[in-house]
Amino acid sequence: MIAVYLILLISFVGMVVLGILGNQSRASKINVWFNAATLVVSLILALVVLGKGPILSADKLFYIDAFNVYLIVLTALVGLTTSVFSGPYMENERLHGRLTDRRLQLYYSMYQGFMLAMFLVLTTNNMGLMWVAMEGATLATVLLVSLYRTPEAVEAAWKYFILCGVGIALALFGTILLFVAAEQLQGLGSDGLNWTVLFERAAELDPAVIKIAFVFLLVGYGTKIGLVPMHSWLPDAHSEGPTPMSAILSGLLLNDALYAVVRSKMIVDKSLGTDEAGILMMGFGMLSFLVAVLLLSRQQDIKRLFSYSSIEHMGMMTFAFGIGAPLATFAALLHMTVHSLTKSAIFVTVGHATQIAKTQQMEKIRGIVSTQPGVGWALVIGTLAIAGFPPFGVFVSEFLVLVATMKSYPWLTLPLLFGIGVAFAGLFGKLHPMVYGPAPKGQQAVEANMFPVYLHLVLVLWLGLAIPAALSGWFVQATQLISGGAPF
Amino acid sequence: MDIVHPDHYPQLITLLASLIIFTTFMMLAQGKLLTLINLFSLQGLLLAGTTAMVALITGNHHLLISAGLTLALKAIMIPWLLRYLVVRMRLHREVDPVENPVQIMLFGVSLVVFSYYVTLPVVQLSTLATSNMLAVSLAGILLGMLLMISRKQAVTHVVGFMTIENGLFFSAVVSTHGMPMVVELGIAFDVLVASVIFGVFFFQIRDSIDSLDVDKLNRLREETE
Amino acid sequence: MIWLLNLLQTLLFVALAPLLVGWIKWLKCHLQNRTSPPLIQPYRDLSKLFRKETVIAEQASWIFCTTPYIVFSVAVLATSIVPLIAVHLPTAAMADVIVLVGFFALARFFQALAGMDIGTAFGGMGSSREMTIASLSEPAFLMAVFTLAVSTSTTNLSAAIEYNLLHPQDIRPSYVFAALALALVAVAETGRIPVDNPATHLELTMIHEAMVLEYSGRHLALIEWAAHIRLLIYTVLLANVFFPWGIAQEISFPALLEGLGMIVAKLALLGLFVALIETLLAKMRLFLVQEFLGFAYLLGVLGLLMHIIMEVGS
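Here the structure is a predicted model, which is why all the values come from computation and not from measurement.

Right, let's talk about the overall build of chain C for a bit. From N to C terminus, chain C includes 12 helices and 0 strands. In terms of overall dimensions, chain C is globule-like: its C-alpha atoms have a radius of gyration of 19 Å, near the 20 Å expected for 314 residues. Projecting the C-alpha coordinates of chain C onto the three principal axes gives extents of approximately 65 × 45 × 45 Å. Across the 314 residues that make up chain C, the buried fraction comes to 56%. Nonlocal contacts in chain C, meaning residues at least 24 apart in sequence, comprise 81% of its contacts between residues at least 6 apart.

Right, let's talk about the overall build of chain A for a bit. Looking only at helices and strands, chain A features 19 helices and 2 strands. Computed over C-alpha atoms, the radius of gyration of chain A comes to 21 Å, within 12% of the 23 Å expected from 2.2 N^0.38 for 488 residues, which places it in the range of a compact globule. Within the span of chain A, comprising 488 residues, buried residues form 67% of the whole. Element-wise, carbon and sulfur atoms account for 68% of the exposed surface of chain A, whose accessible area totals about 15,100 Å². Considering chain A, the positive charge centre built from 26 side chains and the negative charge centre built from 24 side chains are found 8 Å apart.

This part covers the pattern of salt bridges. Within this structure, the stated rule accounts for 12 salt bridges over all chains. For A:Glu204, the salt bridge goes to A:Arg201, with nearest N and O atoms at 3.1 Å. For A:Glu204, a relative accessible area of 47% corresponds to the partly exposed category. What makes A:Arg201 partly exposed here is its relative accessible area of 24%. With a closest N to O distance of 3.1 Å, C:Arg108 and C:Glu189 form a salt bridge. Of the two residues, C:Arg108 sits in helix α5 (residues 97–117) while C:Glu189 sits in helix α8 (residues 173–189), which places them 81 residues apart along the sequence. Take C:Arg108 and C:Glu189: they sit in the same class, and that class is buried. A cluster of three or more residues bridged by salt bridges with shared partners is formed by C:Arg108, C:Glu130, C:Glu138 and C:Glu189.

What follows concerns the interface of chain B and chain A. Contacts between chain B and chain A engage 48 residues on the former and 49 residues on the latter. Carbon and sulfur atoms make up 76% of the area that chain B and chain A hide from each other, which totals about 4,400 Å². Applying the counting criterion to the chain B and chain A interface returns 0 residue pairs in polar contact (both at pLDDT 80 or more). The set of elements that each furnish at least two residues to the side of chain B that touches chain A consists of α4 (101–125), α5 (134–150), α6 (154–176), α7 (181–209) and α8 (219–222) of chain B. Per-element tally for the side of chain B that touches chain A: the top contributor is α7(B), with 15 residues.

We now examine the side chain of C:Asp117. All names here are of chain C. For aspartate 117, the location among the structural elements is in helix α5. No salt bridge forms around the buried aspartate 117; measuring N to O, its nearest opposite-charge neighbour arginine 218 is 15 Å away. Beyond its immediate sequence surroundings of up to four residues, aspartate 117 is in contact with Gln59, Ala60, Ser61, Ile63 and Phe64.

Glancing now at a nonpolar patch on the surface. Together, B:Leu42, B:Leu45, B:Leu71, B:Ile76, B:Met77, B:Leu192, B:Val196 and B:Val200 line one region of the surface with nonpolar side chains, adding up to about 620 Å² of accessible area. Among the secondary structure elements, those contributing two or more residues to the nonpolar patch are α2 (33–58), α3 (62–88) and α7 of chain B.

Looking now at the nonpolar core. Ranked by size, the top nonpolar core spans 371 residues in total, and within it A:Leu45, A:Trp158, B:Phe25, B:Phe201 and B:Phe202 carry the most contacts. Aside from chain neighbours lying at most four places away, what touches A:Leu45 is A:Ala3, A:Val4, A:Ile7, A:Ile55, A:Ile64, A:Val69 and A:Ile72. In this structure, C:Ala86, C:Leu89, C:Ala255 and C:Leu256 belong to the second largest nonpolar core, which totals 6 residues.

Along the chain, the position of C:Ala86 falls in the loop between α3 (62–79) and α4 (90–94). Using a relative accessible area of 2% as the deciding quantity, one classes C:Ala86 as buried.

Let us now look at the packing of aromatic side chains. The way to describe two aromatic rings as a pair is by their centre distance and the angle between their planes. A complete count under the given rule lists 34 aromatic pairs over all chains for this structure. Their ring planes at 55 degrees and their centres at 6.3 Å tell us that A:Phe161 and B:Phe161 sit as a pair that is tilted. Of this pair, A:Phe161 sits in helix α6 (residues 151–183) while B:Phe161 sits in helix α6, placing the two residues on different chains. B:Phe161 sits in the buried class, given a relative accessible area of 2%. For the ring pair A:Phe395 and A:Phe399, a centre distance of 6.0 Å and an interplane angle of 25 degrees mean the geometry is stacked. Separated by 4 residues within a single helix, A:Phe395 and A:Phe399 lie in helix α16 (residues 393–408), roughly one turn from each other. The partly exposed category is assigned to A:Phe399, whose relative accessible area is 46%. An aromatic cluster is present here, built from A:Trp158, A:Phe161, B:Phe161, B:Phe198, B:Phe201 and B:Phe202 joined pairwise through their rings. Taking NZ or CZ as reference, A:Lys224 lies 5.8 Å from the ring centre of A:Trp233, over its face. Geometry around A:Trp195 places A:Arg263 over its ring, the cationic atom sitting 4.3 Å from the centre.

Right, let's talk about α3(C) for a bit. All names here are of chain C. The end-to-end C-alpha separation of α3 is 26 Å, in line with the 26 Å expected for 18 residues at 1.5 Å each. Residue proline 68 marks the point of greatest curvature in α3, where the axis turns by about 25 degrees. Burial in α3 covers these residues: Ile63, Phe64, Thr67, Pro68, Val71, Phe72, Val74, Ala75, Ala78 and Thr79.

All names here are of chain A. You can call phenylalanine 395 partly exposed: its relative accessible area is 32%. In this structure, the C-alpha to C-alpha distance between phenylalanine 395 and phenylalanine 173, residues 222 residues apart in sequence, is 38 Å. Apart from residues lying up to four places away in sequence, phenylalanine 395 is in contact with Gly388, Phe389 and Pro390.

Residue A:Pro229 is reached from A:Val228 by a cis peptide bond, and omega for that bond is 5 degrees. On the secondary structure map, A:Pro229 appears in the loop between α8 (207–225) and α9 (233–240). Of the consecutive residues A:Pro390 and A:Pro391, the connecting peptide bond is found in the cis state with omega at 0 degrees. Mapping A:Pro391 onto the fold places it in the loop between α15 (373–387) and α16. Non-glycine residue C:Asn33 carries a positive phi angle of around 65 degrees. Mapped onto the secondary structure, C:Asn33 falls in the loop between α1 (2–31) and α2 (41–51). Using a relative accessible area of 74% as the deciding quantity, one classes C:Asn33 as exposed. Of note in the backbone geometry, C:Ser153 takes a positive phi value of approximately 60 degrees without being a glycine. Positionally, C:Ser153 belongs in the loop between α6 (121–152) and α7 (157–166).

Quick look at the packing of α5(C) against helix α10 (residues 217–242) of chain C now. Residues and elements named next belong to chain C. Packing of α5 against α10 brings their axes to within 13 Å, and their N-to-C directions diverge by 155 degrees. One element, α5, and the other, α10, form an angle in the roughly antiparallel class. In the crossing of α5 with α10, the sense of the turn from one axis to the other is left-handed. For the pair α5 and α10, contact is made by Leu100, Phe104 and Gln111 and by Ile223, Arg230, Ile233, Tyr234 and Leu237, respectively. Residue composition of the contact of α5 with α10, grouped by class: 6 nonpolar, 1 polar and 1 charged.

Detailed conclusions should not be drawn from predicted coordinates in areas where pLDDT is low. Residue and element names in this part refer to chain C. For chain C, the average pLDDT comes to 86, and 98% of its residues sit at 70 or higher. Least confident of the elements in chain C is α4, whose mean pLDDT is 76; most confident is α3, at 92. Across the assembled chains, the prediction reports ipTM 0.86 with pTM 0.83.

Looking at chain A, the pLDDT average stands at 85 and 98% of residues meet or exceed 70. Per-element confidence in chain A ranges from a low mean pLDDT of 79 for strand β1 (residues 55–56) of chain A to a high of 91 for helix α12 (residues 302–323) of chain A.

All names here are of chain B. Where helix α1 (residues 8–29) contacts α2, the two axes come as close as 9 Å, and the packing angle between them is 165 degrees. Viewed along their axes, α1 and α2 adopt a mutual orientation that is roughly antiparallel. Note on packing geometry: the crossing formed by α1 with α2 is left-handed. Classifying every residue of the contact of α1 with α2 gives 19 nonpolar, 5 polar and no charged.

Rules of the game
- Residues numbered from 1 in each chain as written.
- Chains lettered and ligands numbered in written order.
- Predicted model: local features only at pLDDT ≥ 70, side-chain atom pairs only at ≥ 80, totals over all residues.
- Heavy atoms only, no water.
- Helix = DSSP H or I, 4+ residues; strand = E, 2+ residues; numbered from the N terminus.
- Rg over C-alpha atoms; globule rule 2.2 N^0.38 Å.
- Buried < 20%, exposed > 50% of the residue type's maximum accessible area, 1.4 Å probe, protein only.
- Contact = heavy atoms within 4.5 Å.
- Areas by Shrake-Rupley, 256 points an atom, 1.4 Å probe, with all protein chains shown as cover.
- Lys, Arg positive; Asp, Glu negative; His and termini not counted.
- Charge placed at Lys NZ, Arg CZ, Asp CG, Glu CD.
- Salt bridge = Lys/Arg side-chain N within 4 Å of Asp/Glu carboxyl O.
- Buried area = accessible area lost by both parts, 1.4 Å probe.
- Polar contact = N/O pair within 3.5 Å; in protein donor to acceptor, adjacent residues only side chain to side chain.
- Patch = residues over 30% accessible without salt bridge, like charges linked within 9 Å, V, L, I, M, F, W, Y side chains within 5 Å.
- Core = buried A, V, L, I, M, F, W, Y, C linked by side-chain atoms within 4.5 Å.
- Phe/Tyr/Trp six-rings, centres within 6.5 Å; stacked < 30°, edge-to-face > 60°.
- Lys NZ or Arg CZ within 6 Å of the ring centre and 35° of its normal.
- Expected span 1.5 Å × (residues − 1).
- Bend = angle between axes of the 7 residues up to and from the residue.
- Axes fitted to C-alpha atoms, helices over the stretch in contact; angles between N-to-C directions.
- Parallel < 35°, antiparallel > 145°, perpendicular 65-115°, else oblique.
- Left-handed = near helix turned anticlockwise from the far one by under 90°.
- Nonpolar A, V, L, I, M, F, W, Y, C, P; charged D, E, K, R; others polar.
- pLDDT = per-residue confidence, 0-100.

Written out as C-alpha cells, the structure is:
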C-alpha cells in the first residue's frame, strides 16, 4: 500500500521541485530520474498485487486490482521513455528560440503534474476523486498545448480547454447521478462513491438512474477519449503542442479516460443486467473509428494525421470494450497497451522528423531516411506497426477484435475491415513520399535519442510474437474482472 | 396533479432555485461584461444561500462548509478575478452583443423543458424533499452551455463555464445533500485553478489575436475537414 | 342588496381611477423636485374637458364619434370583473380573466380604428404601434394568467383570490414570475415609461397619445378617463391577486371597510413603485419594446415551468 502513496508522492514532489529548478539545464535529467523512480515503485506495486490480489487502502480511497495495476506500469514506462526523449528535443527547441527558460520550467513542472493526475485517476477508488484527477490532468496540460504561443497554439489550447472542460462537466453530472443511486441504498453515506462498494452492490442500484448516469459518463469521459463527435479538440491539441505532449496525451490520457469509462461500465452492467451500456459504447466506438479513417487521408499536417489515427484506435478499443465478451475485452486490453507504446514511439519519431524538415506539413517533408536513417526507418516501422501489420502487437489485437466481432456481431466485421484497410492506405500513402527519395538540400540530422523508440517498438514486436506469461496472466485476470469470463 | 404545500424552508429553497434559473436567463440576455460578472456573483450568492438552507433542513453540517466555500469562491473570489481581468484588459466598456435574444431565450426555455423530461425517472424514485430540483440544476448546466454557444467573447465563455459548474454543484447539493468532503474540496480546487488558468489564457489570446473575440480564433479551421 | 354593493364597487372603481393618476403624478413631481399639481387635478381636467366643445373633422365617420363611448363603457364593464374590496360579488363570479382580455382587445380595436379614421399620419402611426405592442403583450399577459390559473385551478379572479387567501404561507416561485410578467405587461399596456411616455408632447415618440390626438371636449374626457380606469384595473389586479390580504370575504360593514382601507394602502404603495420606475428609467426605443415584451413572455413561461417542475407532487 505504501507503494501507491509513494508513487503519488514522487510525482507531487517532482512537480514542486521542477517548478523551482525547471529552467536549469539539468531539469530534463531530474525529470527522467523522477519518472524512473515512479517506474520502479510501480513495478514493485505490480508484483505485490499479482501476488496478493487486489489491495484496498485503509481510508478506502485507493484500490489496486489487476485492471489498473498494469495500466500504472504502462503509464510509468511511457512517462519515462518520453521524458528521456524530451530532454534533447526540448533543448533543440530552446536553441532554435521557440521556447524560453520560463516556459521550459512550466513544461517540466506540469509534466510531473500530469503524471500525478494520471496516477491518481488510475489508483483511486472514489469516482468523485477520479473526476477531480481527470480535470486536473486537463488543467495541467492546457498550458502546455499553448507553450509555443503561436496563434494556432493558443487557439488549440483554448478549444481543448473549453471542449474538455464542458465535456468533463457532463461526466461530473453522471458521477453525481451515480451518487444519487447509491444514496438510495441504506447505510452507505459517503462511501457511496467508492467503486468497490458500488460494484459490490450494483444489482441493488436503480437501473433508470444508472442508465442516465452512464450516458452522461460516456459522453463526458468520451470527450477526453476523443470519441466522435466530441473529438475536435484532439487533432488541434496534438498538432500544436510540443511533441512530448502529443506523445503522452495520445499514449496516456486517452487510455485513462477509457479506463474511467470501463470502470463505470462494470458497475452499469451489473446493475442493468442487459448490455445497453455496451451497445452505446459500440455505437460511439464504431462511429469514431469510421469517421477517423475517412478523415485520415485528408490531413496535411503529419501530427494531425497520427492524431486521427489515435481517434481511430480509441474508437476500436471502445467498440471492443462495448462488445463485452471476454475475448473482446482481452483484445481491447492488449490493444490499449500496444497502441500506447506504438503511438508514443511514433510521435517521438515524428517530432524528430519535423525538426529535421523544419515543418509539420507533410508535402514539405522529404527524404527523412537519407538524412537520418534512424529516424526514417523508425518512422516506417512505427507506421507499419500502428497500421496493423503483422507481426506487430497491433495486428494481434486487431485480429482478436475481429474474431470477437465475428463471434458476436458478424455483420460488423465488414466496416471494421473496411476501416482498417482505408487507414492502412491513408497512412502509407502519406508516409511514402516523406521517407523515401532524395533529401532536399541543406537538410541536416538532429541530435536525437532514439533509444525509447526502439525500446517501444521492440516491446510491441515482442507482444505481437509471444506475449510473456506474466503479462498474459495479467490480461486474463483483468478480463475476468471486467467481463466476468475467461477469454480462452 | 395535486399541488404540494410544503412549509417554510423547502419553500425558500424552491424560491432560491427559481431565482438561480432567473439569473441564468438574465445572463443570456446581458451584453455588458461587468453586469454579466455581477449576475454571476449573485448566482453564487444564491447558491450559497440554498446550500445553507439545505444544510439547516437536513442537519448535514458539512454542507455548511460547502456553502462557505461556494460563497468564498464563486460569489467573491472568481468574480473579483474576472472583474480585475476585464478592467485590466480595458474591456469594461465593450459589449458582447447578443444576437437574436428572443430566439435564444425561447431555446433556453425548451432546454428547461428538456431537462425536466430527462430527470423525471430520477425524480420519481428519489425520496429526498429537494429531489425535484434536479431538473432545475440540469437546466442550469444546459443554460450555461447555451451561454457559451451563443456568444463570442472569451470572458463570456468563462462565465458560462463557471455557470455550468454552479449548476453541477447545485445538483450535487439538492440530489445527494452534498458529495463527500474530499470530492468537494477537490472540485473547488479544480475550479479555482481553472479560473486562474483562464485568466492566463485571456492574456495569451489577446496577445495573439489582439482581441478577445473568439470567432477570430479560426486559423485551425481551414486545414482539413 | 348584493347587486347594490356591486354597483357601488363599480362606481368606486370609476371614481378612484383619476385619483390614482393624480397620486402618481404628485409623487413623480416630488421625486423630481418640482412643485406638483394638487392630487385632484385629474378631476379638474376631466370636468374642464366635459365642459368644452368637441371639434370633429369633416372626414370623420361614425367610428370616430362612437369610439369614446365604446371605450369608456368597456372600461366600466371591465371593472366589474376585477374584485376591488370584496370577493364574492356576482359580476366577478360571472366572468373571468379571459373576458377581461377580450374587453381590453375590444377597446383597443376601436381606438386603433378611430386613430386611423381621420386620415392623419400621426393617428395611423399611433394605431400601428399600438397594435404591435398589443400583439406582443397579449400572449405575455395570457401566459402569466395561465400560470396563475394552473396554480389555482380557475381563471375566475375572485375564485383565484380566494384560493390564494386559503394558503397565505405559500411563497411560490411561479407567482413571483407571473407577478413580474404581469407588471411588465401592465407597463406596456398602460403606456408608462419605459414603454411610452404619458407626458410627451413630441408626436414621433407617442404611442397611445398619437391615437387620440384628434379628440377634444367630452370625447377626450371619456377616453382619458377610460385610460385612468385601465391603469387602476392593472394595479388592482396585481395588488389583489398576488397580495390578497385584507380583501373582504364576507359582506359585512367592518370587512368592507377593512377591504377598502387595504386596497387604498396597496394602491398607494404601487403608485410609489410606478413613480419610482418612471423617474429612474428612460423611455426605450421602439424596437426594444419587442425584447421587453418578449422578456415578459419568457417570465410567464418560466413561471409555468417552475410550477410544473417544483410545485407539483408527482
